[in-house]
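Fold and geometry: a report
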Amino acid sequence: MHSFTLREIAQLVNAELHGDENHLVNGIASLQTAKHHHLSFIANPVYKKYLSSSSAGAVLINAALADEFSGNKLIVAKPYEAYAKLTEIFAVKPIVFAGIHPSAVVSETVVLGKNISVGPKAVIGENVVLGDNVVIGAGCYLGDDTEVGAHTELMANVTIYHGIQIGRDCLLHSGCVIGADGFGFAPTKDGWLKIHQLGAVIIGDRVEIGANTCIDRGALEDTVIEDGVIIDNLVQIAHNVKIGRDTAIAGHTAIAGSTVIGSQCTIAGAVGIVGHLEIADKVHITAMSLVTSSITEAGSYSSGTAMSNTKDWRKNAARFRQLDEIANRLYKLERDKKS
Amino acid sequence: MHSFTLREIAQLVNAELHGDENHLVNGIASLQTAKHHHLSFIANPVYKKYLSSSSAGAVLINAALADEFSGNKLIVAKPYEAYAKLTEIFAVKPIVFAGIHPSAVVSETVVLGKNISVGPKAVIGENVVLGDNVVIGAGCYLGDDTEVGAHTELMANVTIYHGIQIGRDCLLHSGCVIGADGFGFAPTKDGWLKIHQLGAVIIGDRVEIGANTCIDRGALEDTVIEDGVIIDNLVQIAHNVKIGRDTAIAGHTAIAGSTVIGSQCTIAGAVGIVGHLEIADKVHITAMSLVTSSITEAGSYSSGTAMSNTKDWRKNAARFRQLDEIANRLYKLERDKKS
Amino acid sequence: MHSFTLREIAQLVNAELHGDENHLVNGIASLQTAKHHHLSFIANPVYKKYLSSSSAGAVLINAALADEFSGNKLIVAKPYEAYAKLTEIFAVKPIVFAGIHPSAVVSETVVLGKNISVGPKAVIGENVVLGDNVVIGAGCYLGDDTEVGAHTELMANVTIYHGIQIGRDCLLHSGCVIGADGFGFAPTKDGWLKIHQLGAVIIGDRVEIGANTCIDRGALEDTVIEDGVIIDNLVQIAHNVKIGRDTAIAGHTAIAGSTVIGSQCTIAGAVGIVGHLEIADKVHITAMSLVTSSITEAGSYSSGTAMSNTKDWRKNAARFRQLDEIANRLYKLERDKKS
């Protein structure tokens, strides 16, 4: 565990330091749990009440709130962003194997950049290209003709099919599967006829992909994930989907085939988006909504019902089945009254 | 990339060829993006507008639309089915390792058919039986006493528990887990008591299973997936479920224990089906519906609400909690008016 | 397959045996399918009708129903619990490798208890501690500084990141990923800035985790799964979630960050729970509900709508968008009538 002086911390996030510049911190904690050797932060005024009693060794704080804390403080315009930036110096990064582990199986046709790490038991197919400083975790599989950009890291047990392109500075978590066949079949009198998926997956730079997430290869053209997209765990992205730059997708969301999602969207958890839609830029979808039509304007969208206790819910859910009838009977009453 | 003459293409799908039978194509593309060296197709009349301007080297088309395209054409009764069939010849199939890779760990009691491929780092347990032309991808695990039928392919990093039966001509995508324990526990005063799952999983012929999909072993009897079933990514199939022949299940759907689903059903994405139900043949369930009771007749079924902007949705969702009261007050107004 | 006399069975579950104490059984089956060599059980009076015709070699039954079955019977207070307990003796447990398989890659700094099994192709990082009788399946990955308690078993292809603590007597199914980064990013003018996840995951004793389930590491503090929790397949547990003792979570459920769930809750399949909530002890959530606010009292909670055929559903779902207006118009009619 490394320690840093508040002087060093202040320099890293360009903060105005008030207090003991030689005070040492070796971790980050919330205002309520921080001890003297911790850095803390206040990003939301709602936590102001914890400032007076916090034992934090220093607090990242904005100018407006600075007077509320009497200890060491680091004044910055955006405390949450400063906190995010500082997590990097406190993160425990396991040391990766330098070079190619002798238990890895790497084809002779692979093209390697400088300072590559290929972990134990990894398998790397023909004509794979790995950029400088790429880290391939233990047990990963990379199919033939796949390319991975510089500084990209694959955690253990990631599976990449053949012909996939992954950009620079990406992070792929364990168990994710990139490039499996899209779910394409033609109905015939003898059952389903497989449509071989001729496209690939193209992933931009600075993309993070969560554990056990699946991104399928395209049917004819490619599935595309643009730069800066962040995707949580257990997300399903079907063939020929395009996700625009800097869009964020939370866990357990499913996006069906050929849907195009704009940039800077935020899609909450367990959302479903049906196929062949277009979603504009800066759209927010709330948790567990189903999107069944294109969205042409930025804004927040939802579906579903509010939660109740199950007894009340049963009665209301039963009435939902009569909702059109209820509306029609109401309108009839209104008409009768007028006439 | 292979090239084919239109004569060869026409023979493969039994098409009536109009145009240059020596014209070469080396891929498939949509009408809008196809170039002179591409084959294209029109399966839906809605795309008719793209025919006149398409640069496709040839188009798979039915007789009714044939006059709308002036270039080379391949007239077939079912262009989508012909397209599906032709994807096979254009698919890039990575070459698999011939034989057992020296880094694989294969028990001495395994029974191997002809022309087997076992990839790097695969692990194969005792008494496993692999039929002719089976392909086991890199990093796969097959538990003891499992059987895999001829021409079945497991992509990289598939996990099969012990005692599982998989039929012929199946394709299992990376990360799928077949035969983990069903979620069976008895409540006791000391907490949950595990019910060991004594059944297995039986998978028929021509089944495709998506990436990271889970099919649990049965509690007493077996979980059964019949011939021709196709299952997308991240699907959960619980213990003792039975899925009838040629049923299709889209991504992120979850089917709870002991439910029996008929044949030729189409279950859209992110659907939930509770346990111990029976679903008839040819039932269609729309995306993200929850099925809480058995369905005895073919047809399409749904639940959920339509999407709105979040501000309107909040008001309507709040009213949902009052829906039974709203109905009762409406009916009282009607009664009062009559009396 | 082992056989047991009814005398042995009766002793194991402390049953009162009526019938042939030397009768042999070698498996468990339902009343309808059991043969003479099977043990069966009746846990729900609804199945009473099958008792008279059952060919079971013996039935676990409570005193109240005992007279309804004329064959061998084992009278116990809780037949379902007795059945659960007996599944263990009939379970086929594949023999695990004794010791460390030569193809595994185990760091020199690992601390091993007695009677450890490390399967083929497993990879175990620096300073990992494995308790007595731990079983690590084929292809598993354990990151540096992870600890696994005695008698805990990891099935094939499980991934554990660095610094994770797993208790005793746990069972982790294939494809689960423990300790991937929580989904934490700060929005900046240049896109999303990663918040490195400084916490870990702490898993108690007697926890079962399903196939392809993900439990993320905490942002600052740890994600915590208490003793006796059971989690099904494909569940997403986000950073800093705490799950109380003996809570059960069914397949495909997603729990967002920092939510605290009480003990002895039962959360059905495909439920979504948004972040930063508190759920009391003994709460039951029905399938596919979305929980958007804290729950302070034990009880059953639901959201969603009832299923209909799609044609009717479309009309009702369209009316849902007018629900607030419908309510307001109804209330106006009521007011007009009174005035």
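See the structure shown above.
A short tour of the structure in this document, coming up. Keep in mind it's a predicted model, so treat the numbers as computed, not measured. (Residues numbered from 1 in each chain as written. Chains lettered and ligands numbered in written order. Predicted model: local features only at pLDDT ≥ 70, side-chain atom pairs only at ≥ 80, totals over all residues. Heavy atoms only, no water.)

1. With respect to a negative patch on the surface
The test is simple: Patch rule: a residue counts if its relative accessible area is over 30% and it has no salt bridge; like charges are joined within 9 Å, and nonpolar side chains (Val, Leu, Ile, Met, Phe, Trp, Tyr) within 5 Å. Throughout, the Shrake-Rupley method with a 1.4 Å probe supplies accessible areas, and for residues the shown protein chains are the sole cover considered. Between Lys or Arg on one side and Asp or Glu on the other, a salt bridge is scored when a side-chain nitrogen of the former is within 4 Å of a carboxyl oxygen of the latter. His is not counted, nor are the chain ends, whereas Lys and Arg count as positive and Asp and Glu as negative. For charged residues, the charge sits on one atom: NZ in Lys, CZ in Arg, CG in Asp, CD in Glu. Numbered from the N terminus, helices here are DSSP runs of H or I no shorter than four residues, and strands are runs of E no shorter than two.
A cluster of acidic residues, A:Glu108, A:Glu126, A:Asp145 and A:Glu147, forms a negative patch at the surface. Tracing the sequence through the fold places A:Glu108 in the loop between β9 (105–106) and β10 (111–112).

2. So, the packing of helix α4 (residues 323–338) of chain A against helix α4 (residues 323–338) of chain C
Relative orientation and spacing of two packed helices are given, respectively, by the angle between their axes and the distance between those axes. Worth spelling out the cut-off: Think of each axis as a best-fit line through the C-alpha atoms, taken over the contacting stretch in the case of a helix, with angles from 0 to 180 degrees between the N-to-C directions. Whether a crossing is left-handed or right-handed is set by the direction in which the near helix is turned from the far one by less than a right angle, anticlockwise for left-handed and clockwise for right-handed. It only takes one pair of heavy atoms within 4.5 Å for two residues to be counted as in contact. Classes in brief: Ala, Val, Leu, Ile, Met, Phe, Trp, Tyr, Cys and Pro nonpolar; Asp, Glu, Lys and Arg charged; the others, Gly included, polar.
Between α4(A) and α4(C), the shortest axis-to-axis distance is 11 Å and the interhelical angle comes to 35°. When you trace α4(A) past α4(C), the crossing you get is left-handed. Residue-level contacts link A:Leu323, A:Ala327, A:Leu330, A:Tyr331, A:Leu333, A:Glu334 and A:Lys337 of α4(A) to C:Leu323, C:Glu325, C:Ile326, C:Arg329, C:Leu330, C:Leu333 and C:Asp336 of α4(C). Looking at side-chain class alone, the contact of α4(A) with α4(C) contains nine nonpolar, no polar and five charged residues.

3. What about helix α3 (residues 310–320) of chain B?
Along an α-helix, a turn takes 3.6 residues, which lines up residues three or four apart on a common side. Definition in use: We call a residue buried when its accessible area falls under 20% of the maximum for its residue type, exposed when it is over 50%, and partly exposed in between, using a 1.4 Å probe and counting protein chains only. In the analysis that follows, any N or O atom pair within 3.5 Å is treated as a polar contact, provided that within protein one partner can donate a hydrogen and the other can accept it, and provided that, for residues neighboring in sequence, both atoms belong to side chains.
Buried residues of α3(B): B:Thr310, B:Trp313, B:Asn316, B:Ala317, B:Arg319 and B:Phe320, and no others. As for α3(B), its buried residues are in contact with β39 (299–302) and α3 (310–320) of chain A, β40 (308–309) and α4 (323–338) of chain B together with α3 (310–320) and α4 of chain C. Capping the start of α3(B) is the job of one residue whose side-chain oxygen sits 3.2 Å from the backbone nitrogen of B:Lys311: B:Asn309.

4. Observations regarding the interface of chain C and chain A
Interfaces are often sized by the amount of accessible area the parts lose when they come together. Operational definition: By definition, the buried area sums, over both parts, the 1.4 Å-probe accessible area that each loses when the two are put together. Only strands that DSSP links by at least two bridges are regarded as paired with each other.
Taken together, the 74 residues of chain C in the interface contact 68 residues of chain A. In total, about 5900 Å² of surface goes out of reach between chain C and chain A, with carbon and sulfur atoms giving 65% of it. Considering only the surface of chain C that becomes buried against chain A, C:Phe183, C:Trp192 and C:His196 emerge as the three largest contributors, covering 12% of it. Summed over the shared surface of chain C and chain A, the number is four salt bridges. If you look at where chain C meets chain A, you find 29 residue pairs in polar contact (both at pLDDT 80 or more). Those elements that provide at least two residues to the side of chain C that touches chain A are β22 (185–188), β23 (191–194), β38 (290–291), β39 (299–302), α3 and α4 of chain C. Here the element with the most residues in the side of chain C that touches chain A is α4(C); it accounts for seven residues. Class assignment for the residues of the side of chain C that touches chain A results in 38 nonpolar, 25 polar and 11 charged. Bridge analysis of strand β40 (residues 308–309) of chain A against β39(C) gives two bridges, and the strand direction is antiparallel. Each residue of the ladder has a partner; that of A:Ser308, found in β39(C), is C:Ser302.

5. Observations concerning the relation of the copies chain B and chain A
A rotation about some axis, followed by a shift along it, carries one copy of the chain onto the other. Where we set the bar: The least-squares superposition of copies is restricted to C-alpha atoms, and to residues with a pLDDT of at least 70 in both copies.
You can overlay chain B on chain A at an RMSD of 0.0 Å; the transform is a turn of 120° with a shift of 0.0 Å along its axis. In symmetry terms, the pair is related by a three-fold rotation axis. Closest to the rotation axis within chain B is the C-alpha of B:Gly304, separated from it by 3.4 Å.

6. Observations regarding the interface of chain B and chain A
In this complex, chain B contributes 68 residues to the contact, which on the side of chain A involves 74 residues. Taking both partners together, chain B and chain A bury about 5900 Å²; carbon and sulfur atoms supply 65% of that area. Taken as a group, B:Met288, B:Met307 and B:Phe320 account for 12% of the area that chain B buries against chain A, more than any other trio of residues on that side. Where chain B meets chain A, there are four salt bridges. Measuring nitrogen to oxygen at the nearest pair gives 2.5 Å for the salt bridge that ties A:Arg329 to B:Glu334. One can count 28 residue pairs in polar contact (both at pLDDT 80 or more) joining chain B with chain A. Listed by contribution, the elements that provide at least two residues to the side of chain B that touches chain A are α2 (79–90), β28 (230–231), β31 (248–249), β40, α3 and α4 of chain B. The leading source of residues in the side of chain B that touches chain A is α4(B), at nine residues.

7. Quick look at the pairing of strand β22 (residues 185–188) of chain A
Residues and elements named next belong to chain A. Note: β22 against strand β23 (residues 191–194), four bridges, orientation antiparallel. Its bridge partner being in β23, Pro 187 is matched across the sheet by Trp 192. Following β22, the chain reverses through two residues before pairing antiparallel with β23.

8. Observations regarding unusual backbone geometry
One non-glycine residue, A:Lys282, lies in positive phi territory at about 55°. Relative to the assigned elements, A:Lys282 resides in the loop between β36 (278–279) and β37 (283–285). One non-glycine residue, C:Arg206, lies in the positive phi region at around 55°. Structurally, C:Arg206 is set in the loop between β24 (201–203) and β25 (208–209).

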